[in-house]
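Chain by chain, the residues:
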Amino acid sequence: MNAINSISEFHRLLSLPEPSHPLVSVINLAESVFLEDDIWKGFVNRFYCVALKREAKGKIRYGQQHYDYDKGVLSFTAPNQVQQLDLQNMECGSGYLLIFHPDFLLHHTLASSIHHYGFFDYAVNEALHLSAEEEADLISILHKIDKECRHIDKYTQEIILTQIESLLKYSNRFYERQFLTRKNNNSDLLTRFEQLIDDYYNSDVKGLLTVQYVAAQMNLSPNYLSDLLRVHTGQNTQQHIHEKLIAKAKEKLSTTDLSVGEIAYALGFEHAQSFSPLFKKKTNVSPLEFRQAFN
């Protein structure tokens, strides 16, 4: 897999001059021309990228899906995520790319806290659609970062990282707004989610139900699904799975004569030793204590 290792290399591929700062850059897409290079057929960046795009025509492939950009979308990619660009059918439109190398975060709290921003692992078709006011807020931050990149001194890194952190916090807020304003669509997703889990536990279970499996069945990235559920229900995907699993366990403990080991196996566990601690953690009693109390 081809890799774009540096901010300078990315600038060259977009026909741009050397960046003012070696580890962070704000790129104006209107000034960029993508070089015809085979690297775009499949590549990974070694840096973070936040893309704010307006009226960009064409497709970007991310994972197993294509996404058509139209206008006012914000998307995020973390280092080492596989991407493809179709230059033959692509017009950049306008907008900005904020790119920054992980090394730029060293010795700052953002180095660890950036992993808490789940949207860096969303699929491209789960991009954030911005209102005009939201877009203006983020562009203002990007302009401040760009200005700092051109004036490097001992304060530069801290000021830029503070701005990046603000941008990520705003993006969290805007994503929560999007989850809520798309209520009708998300209501359908929540219904599908509940049905999928019910169907899984009502069929011949083949192993433990995982977040990755559920997300794949719903054509969503695991992080997007968990964040969507958390906003609407207060629980992430794993918590929902555990809740349904415990409900099924209680049902079997109270209505059948199956042993704890047999129930554990029926729910996807390889060993009862793994099932019992989870059950007790969620209910404060062991499976046998629950059965005895119920009877």
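Up top you'll find the structure we're talking about.
This write-up is about the structure you can find in this document. (Residues numbered from 1 in each chain as written. Predicted model: local features only at pLDDT ≥ 70, side-chain atom pairs only at ≥ 80, totals over all residues. Heavy atoms only, no water.)

1. Quick notes on the sheet that holds strand β9 (residues 94-100)
- Within the open sheet, the five strands sit side by side as β2-β9-β4-β7-β10. Their pairing is antiparallel. Of all strands in the sheet, those bounded by a partner on one side alone are β2 (24-28) and β10 (128-129).
- Pairing analysis gives five bridges linking β2 to β9, with the strands arranged antiparallel. Among the inter-strand pairings, S25 is bridged to a residue of β9, identified as I99. (Pairing = 2+ DSSP bridges. Helix = DSSP H or I, 4+ residues; strand = E, 2+ residues; numbered from the N terminus.)

2. Digging into helix α8 (residues 237-255)
- For α8, spanning 19 residues, the distance from its first C-alpha to its last is 27 Å, which sits close to the expected 27 Å at 1.5 Å a residue.
- When α8 is considered as a whole, its buried residues turn out to be T237, H240, I241, H242, L245, I246, K248, A249 and L253.
- With a side-chain oxygen lying 3.2 Å from the backbone nitrogen of Q238, the N-terminal cap of α8 falls on N236. (Expected span 1.5 Å × (residues − 1). Buried < 20%, exposed > 50% of the residue type's maximum accessible area, 1.4 Å probe, protein only. Polar contact = N/O pair within 3.5 Å; in protein donor to acceptor, adjacent residues only side chain to side chain.)

3. Considering the pattern of salt bridges
- If you walk through the whole model with that rule in mind, you get six salt bridges.
- For R150, the salt bridge identified is with D146, shortest N-O distance 3.2 Å.
- Taking relative accessible area as the criterion, R150 reaches 59% and is therefore assigned exposed.
- One salt bridge in this structure joins K244 and E194, with 3.8 Å as the shortest N-O distance. Residue K244 is located in helix α8, and its partner E194 is located in helix α5 (residues 183-201); the two are separated by 50 residues in the primary sequence.
- Overlapping salt bridges, with partners in common, bring together E194, D198 and K244 in one network. (Salt bridge = Lys/Arg side-chain N within 4 Å of Asp/Glu carboxyl O.)

4. A look at the packing of aromatic side chains
- Here the structure, examined in full by the defined rule, presents 22 aromatic pairs.
- Relative to W40, the ring of F34 lies with its centre 5.2 Å away and its plane at 65°, an arrangement referred to as edge-to-face.
- The exposure class of F34 is buried, given its relative accessible area of 16%.
- Judged by relative accessible area, which is 1%, W40 ranks as buried.
- Note on F119 and Y175: the rings are 5.7 Å apart at their centroids and 15° apart in plane angle, and the pair reads as stacked. Note that F119 is positioned in the loop between α2 (110-113) and β10 and Y175 in helix α4 (residues 156-181), a separation of 56 residues in sequence.
- A residue is classified by how much of its surface remains accessible, and Y175, at 3% relative accessible area, is buried. (Phe/Tyr/Trp six-rings, centres within 6.5 Å; stacked < 30°, edge-to-face > 60°.)

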